[in-house]
Every structure is written in C-alpha cells, then in structure tokens.
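Per-entry structural report
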Amino acid sequence: MPKIFITAALTGGLIKKSANPNLPEQPDEIAKAAYDCYNEGAAIVHIHARDAEGNLSSDPKIFRAIHEKIRARCDIILQDTTGGGPNLTLEQRLASLEADPEMASLNMGTMIRLLEAHKGTMQFNPPWEIERFAKAMLDKNVKPEMEVYNPSMFRDVRNVIEKGLVKKPYYINLVIGINFQGGLDPLPQSLLMMLDAVPKLEDIILNVSGIGRAQPILTTLGMLLGTNVRVGMEDNIYYSKGLLVQSNAQLVARAVRVARELGLETASPDETREILGVPYKTYCLAL
C-alpha cells in the first residue's frame, strides 16, 4: 500500500481553553503545537486563528504570523480554514487566503449547527459560493481540501471538478460525526456509506476525519480501507473516555502508532506535497 499522510487539526473555531486548557489559541502556542505534531509524524497542519482574547478571527495578519512561526521551525504543510465559524461572514472566511497558505479547506455544502451555544446558525455554502471559494484558491495556487459531510455533497464536488475549478489530484476529506443537521452519525456504517458514494473518477485522494469519541475508531477504519486521516483537538478534546488529551501531538502519535501496527508507512510533508501536488511555500519572518 502507498504511504498515508496525517493531518493535525489543532484548534478549530468553537472549542476554548475552558473545555480543555491544553488547546492552543495564540500564534506561539499554535506554532509549537504544529512543530510537536510534525515531530510525531504529521504532514499537514490545519489552522484556525484566534484574537488576543481567544475568540475566532479571520485576520490574515494572524494567519500570516502563524505561518511564519511554524515555517521557522519545520516544513509541515500549512492548511488554513475557510470554514471559519458562526461569527464570520463569507468574506471574512475567505480572508485567510490573503495569508497565502499552501492548502485550504473548502466546505462542500450547507448545514445547520445543533450545539446549544450556536443552535440554529447556518454553515452557509451554496453552490455559487463554493465555486467562488474554489476559484479564489485556484487563482492563488492553493490546494483545496474538499470537506464532505454527507453523500449529497458529492454533487458539488462533481460540479467544481467538471468546471475545472480544482486541479488533479482531487482531495476529499470525509467528515463523520459532526453535530450538525446534515452531518452523519459517528459510526463505521456512515464511513462505509460515504466511501460507496465517492464519485467514480480517477485521481481522487481520500481522507477521513472522525469527530469526538469516534475519532480513533473512524481513522483506524479509514487506514484499513486505504484513506489518509486527520486527528487533533479541533475534532476531539479527549484521549479516552473522561480523559482530556494533553496535546495535539498525543493524538498524532497514536495515529502513527496505529498505522505502523497495521503495517502502513506515514508520509513526510515533502512526500505528501508530491502525492497531492502541493507547491512548497516559504514564509519569511516579518521584521
């Protein structure tokens, strides 16, 4: 089997230190977390920005500072969010691309949040906005990770492929277990259903993200079925039932250990760039 690569989603847009004090929020914390994940075997780091108070931010200056601090330590692939969170407009979500990441997330459909704090708010991604975001990434030579939360979203995946808005290989992240209307239950059957619905096209590379306690189960199943995986505190703040995770690197280390037990090798950042067709970008520290 080819090597698999591991993404670390460090922070997210909703969880705060009140839920887990080990969550990295500020640029220095995020850079250290990224470096620790790199040392454990992660190839990609998925980035959300926070302001000085720890609230979700779309400020490209903060994203740029995070990029520079990470790149000063290692060559891990830098992937910024354009999904953002409930307090950001579409324009604000798109602003992260101004920091010129190597990759960016591209949400492939609209859903409604169900968690109490943001209950009823919409993650708004109609087809014309998906196309606009994809075109912006194409223009900036940013590799999109297409985030698919249920099989109906493959319609929009096919749409951006057919319109030439994404380049081969097409990279799709199957997100299982998110607590949104439009999400799937955190069960192995959900992943199997998604895999069965993937468009039958050449040059598709798959990744699996499991949310909450399902993370180790679904990522292990993904490895067995030939996908890459994403772990991290954005998706799961516990290492096991009732035990808070100490760091993102702890989750990466477990994923690497499982992969090796399954006889799989993990890809380095440069090997992953070659697999995905991601250009290496340098970031000079601001004076």
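A brief report on the enclosed structure follows. All figures in this text were calculated on a predicted structure; none of them were measured in a lab. (Residues numbered from 1 in each chain as written. Predicted model: local features only at pLDDT ≥ 70, side-chain atom pairs only at ≥ 80, totals over all residues. Heavy atoms only, no water.)

In this section: the sheet that holds strand 7 (residues 111–113). Across the sheet, 3 strands lie side by side as 8-7-11; this open sheet has antiparallel pairing. Two strands in the sheet have a free side with no partner beyond their single neighbour: strand 8 (122–123) and strand 11 (180–181). With 2 bridges joining them, strand 7 and strand 8 adopt antiparallel strand pairing. For Ile-112, the partnering residue across the bridge sits in strand 8 and is Met-122. (Pairing = 2+ DSSP bridges. Helix = DSSP H or I, 4+ residues; strand = E, 2+ residues; numbered from the N terminus.)

One closed barrel holds the 8 strands; their spatial order is 1-2-5-6-9-10-12-13, and the pairing between them is parallel. Across this sheet, the average inter-strand angle for adjacent strands is 30 degrees, counted without regard to direction. Contacts between helix 4 (residues 127–139) and the sheet are confined to strand 6 (103–107) and strand 9 (143–148), with strand 6 contributing the most and set at about 170 degrees to the helix. (Axes fitted to C-alpha atoms, helices over the stretch in contact; angles between N-to-C directions. Contact = heavy atoms within 4.5 Å.)

When the terminal C-alpha atoms of helix 1 (residues 27–40) are compared, their 20 Å separation across 14 residues agrees well with the 20 Å that a helix rising 1.5 Å per residue should span. What helix 1 keeps buried is the set Pro-27, Ile-30, Ala-31, Ala-33, Ala-34 and Cys-37. Projected down its long axis, helix 1 shows its buried positions confined to an angular sector of 160 degrees, all on one face. Lining the buried residues of helix 1 we find strand 1 (6–9), strand 2 (44–47), helix 2 (60–71) and helix 8 (248–261). Of the residues trailing helix 1, Gly-41 is marked for its positive phi of about 120 degrees. (Expected span 1.5 Å × (residues − 1). Buried < 20%, exposed > 50% of the residue type's maximum accessible area, 1.4 Å probe, protein only. Arc of directions from axis to C-beta.)

The next subject is the packing of aromatic side chains. Any pair of aromatic rings gets described here by the distance separating the centres and the angle formed by the planes. Under the defined criterion, the tally for this structure stands at 2 aromatic pairs. Between Tyr-35 and Tyr-38, the aromatic rings sit 6.2 Å apart at their centres with planes inclined by 20 degrees, giving stacked as the arrangement. Pair noted here: Tyr-35 and Tyr-38 are both in helix 1, with a separation of 3 residues, about one helical turn. The class of Tyr-35 is partly exposed, set by a relative accessible area of 27%. Accessibility expressed as a relative area gives 29% for Tyr-38, which makes it partly exposed. Of note, Arg-254 hangs over the ring of Tyr-239, and the distance from its end group to the ring centre comes to 4.1 Å. (Phe/Tyr/Trp six-rings, centres within 6.5 Å; stacked < 30°, edge-to-face > 60°. Lys NZ or Arg CZ within 6 Å of the ring centre and 35° of its normal.)

The final tally for this structure, using the stated rule, is 18 salt bridges. Glu-265 is the salt-bridge partner of Lys-3, the closest N and O atoms lying 4.0 Å from each other. With Lys-3 in the segment before strand 1 and Glu-265 in the loop between helix 8 and helix 9 (269–276), this pair connects stretches of sequence that are 262 residues apart. Exposure remark for Lys-3: the relative accessible area of 31% places this residue in the partly exposed category. For the salt bridge of Glu-129 with Arg-132, the shortest nitrogen-to-oxygen distance reads 2.8 Å. Here Arg-132 and Glu-129 lie together in helix 4, a separation of 3 residues that amounts to about one turn. Overall, the relative accessible area of 29% leaves Arg-132 in the partly exposed class. Residues joined by salt bridges that share partners form a network here, namely Arg-71, Glu-102, Asp-270 and Arg-273. (Salt bridge = Lys/Arg side-chain N within 4 Å of Asp/Glu carboxyl O.)

Residues of helix 5 (residues 154–162) that are buried: Phe-154, Asp-156, Val-157, Asn-159, Val-160 and Ile-161. Tucked into the core, helix 5 has its buried residues touching helix 4, strand 9, strand 10 (170–176) and helix 6 (188–197). Backbone geometry just after helix 5 places Gly-164 at a positive phi near 70 degrees.

The amide bond that connects Lys-168 to the next residue, Pro-169, takes the cis arrangement and shows omega of -10 degrees. Inspection of the secondary structure puts Pro-169 in the loop between helix 5 and strand 10. Of note in this structure, Asn-141 is not a glycine but carries a positive phi near 55 degrees. Counting through the fold element by element, Asn-141 comes out in the loop between helix 4 and strand 9. The backbone of Asp-203 sits at a positive phi, close to 65 degrees, despite the residue not being glycine. With a relative accessible area of 37%, Asp-203 lands in the partly exposed category.

It is worth spelling out the packing of helix 7 (residues 215–224) against helix 8 at this point. Following both chains from N to C, one finds helix 7 and helix 8 inclined at 35 degrees, their axes separated by 10 Å at the closest point. Crossing hand, helix 7 versus helix 8: right-handed. Here helix 7 contributes Gln-215, Pro-216, Thr-220 and Met-223 to the contact with helix 8, which in turn contributes Leu-251, Arg-254, Ala-255, Val-258 and Ala-259. Residues of the contact of helix 7 with helix 8, tallied by class, amount to 6 nonpolar, 2 polar and 1 charged. (Left-handed = near helix turned anticlockwise from the far one by under 90°. Nonpolar A, V, L, I, M, F, W, Y, C, P; charged D, E, K, R; others polar.)

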